[in-house]
Amino acid sequence: MEFVAALGVYLQLMIPWLSMYAVVIITNVVCWSRAFEILILSTFSPIAFADVTGINNFGQGSGSRFIKNVLALSISGAIIVFIMSLSSSISLSVLRNALSGDFAGFTSGLKDLLVIAFAQVGLVLKAQSMAKTLCGVG
């Protein structure tokens, strides 16, 4: 009988565990894709500056737009770090409160943790557009 009760608890915890696993995978994919994007842009950066004929025309060509895009990409990395730090501290607070109560409070805390995790993923996915808005690129 105890085995059935334990199996029920494991099954209840399986959905939050799978959801959190998906959140970690999505966040890692976004972070690695930003890193690869920075490497690709730095590799092909001479192409962006090929039409610069003089220092006086620099602010109007593709070189300045390229610098703004690289700056926005770097700022998006900083925004992602800030989002991860903020959601981690909030999640720890929610988890601490959930562990101090009974099982019903724990499952309620797990729901809150899932909401925080999916909000984190949404903000991480939106980090590049926020950075582009900050830099005036797009």
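Here, every reference points to the structure presented above.
Definitions and limits used
Position labels on residues start from 1 in each chain and follow its written sequence. Confidence filtering applies because this is a predicted model: local features only for residues at pLDDT of at least 70, side-chain atom pairs given and counted only at 80 or more, and all residues used for totals across whole chains, interfaces and linings. Hydrogens are left out, water is left out, and the side-chain values use all remaining heavy atoms of the structure. Patch members must show over 30% relative accessible area and no salt bridge, and they are joined within 9 Å when carrying like charges or within 5 Å when they are nonpolar side chains of Val, Leu, Ile, Met, Phe, Trp or Tyr. A 1.4 Å probe and the Shrake-Rupley method give the accessible areas. Residues count as covered only by the protein chains that appear here. The rule for a salt bridge is simple: a side-chain nitrogen of Lys or Arg has to be within 4 Å of a carboxyl oxygen of Asp or Glu. Numbering of helices and strands runs from the N terminus, with a helix taken as a DSSP run of H or I at least four residues long and a strand as a DSSP run of E at least two residues long. Aromatic contacts are taken between Phe, Tyr and Trp rings whose centres are within 6.5 Å, Trp giving its six-membered ring; a plane angle under 30 degrees counts as stacked, one over 60 as edge-to-face, and the others as tilted. Contacts were defined at the residue level, with two residues in contact if any of their heavy atoms lie within 4.5 Å. Every axis in this analysis is a line fitted to C-alpha atoms, fitted for helices over the stretch in contact. Angles between the N-to-C directions lie between 0 and 180 degrees. Angles are sorted into four bins: roughly parallel if under 35 degrees, roughly antiparallel if over 145, roughly perpendicular if 65 to 115, and oblique for all others. Rotating anticlockwise by less than a right angle from the far helix to the near helix defines a left-handed crossing, while the corresponding clockwise rotation defines a right-handed one. The classification used treats Ala, Val, Leu, Ile, Met, Phe, Trp, Tyr, Cys and Pro as nonpolar, Asp, Glu, Lys and Arg as charged, and all other residues, Gly among them, as polar.

With that settled, consider a nonpolar patch on the surface. Together, Met14, Trp17, Leu18, Tyr21, Ile25 and Val29 line one region of the surface with nonpolar side chains, adding up to about 620 Å² of accessible area. Inspection of the secondary structure puts tryptophan 17 in helix H1 (residues 2-43).

Turning next to the packing of aromatic side chains. Working definition: an aromatic ring pair is given by the centre-to-centre distance plus the angle between the planes. A complete count under the given rule lists 2 aromatic pairs for this structure. The interplanar angle of 15° and the centroid separation of 5.7 Å between the aromatic rings of tryptophan 17 and tyrosine 21 together place this pair among those described as stacked. Here tryptophan 17 and its partner tyrosine 21 are both found in helix H1, 4 residues apart, which amounts to about one turn of the helix.

Note on placement: isoleucine 83 falls in helix H3 (residues 62-99). Sequence spacing of isoleucine 83 and asparagine 28 is 55 residues, and the spatial spacing of their C-alpha atoms is 13 Å. Excluding residues within four positions of it along the chain, isoleucine 83 makes contact with Gln120, Leu123, Val124 and Met130.

Looking at the element boundaries, serine 76 is found in helix H3. Among all residues touching serine 76, those that are not within four sequence positions of it are Arg34, Ala127, Gln128 and Ala131.

Moving on, we come to the packing of H3 against helix H4 (residues 103-135). Packing of H3 against H4 leaves a shortest axis separation of 8 Å and a crossing angle of 165°. Regarding the angle of H3 to H4, the classification is roughly antiparallel. The way H3 lies across H4 gives a crossing that is right-handed. Residue composition of the contact of H3 with H4, by class: 23 nonpolar, 8 polar and 3 charged.

What is shown is where atoms sit, not what they do.
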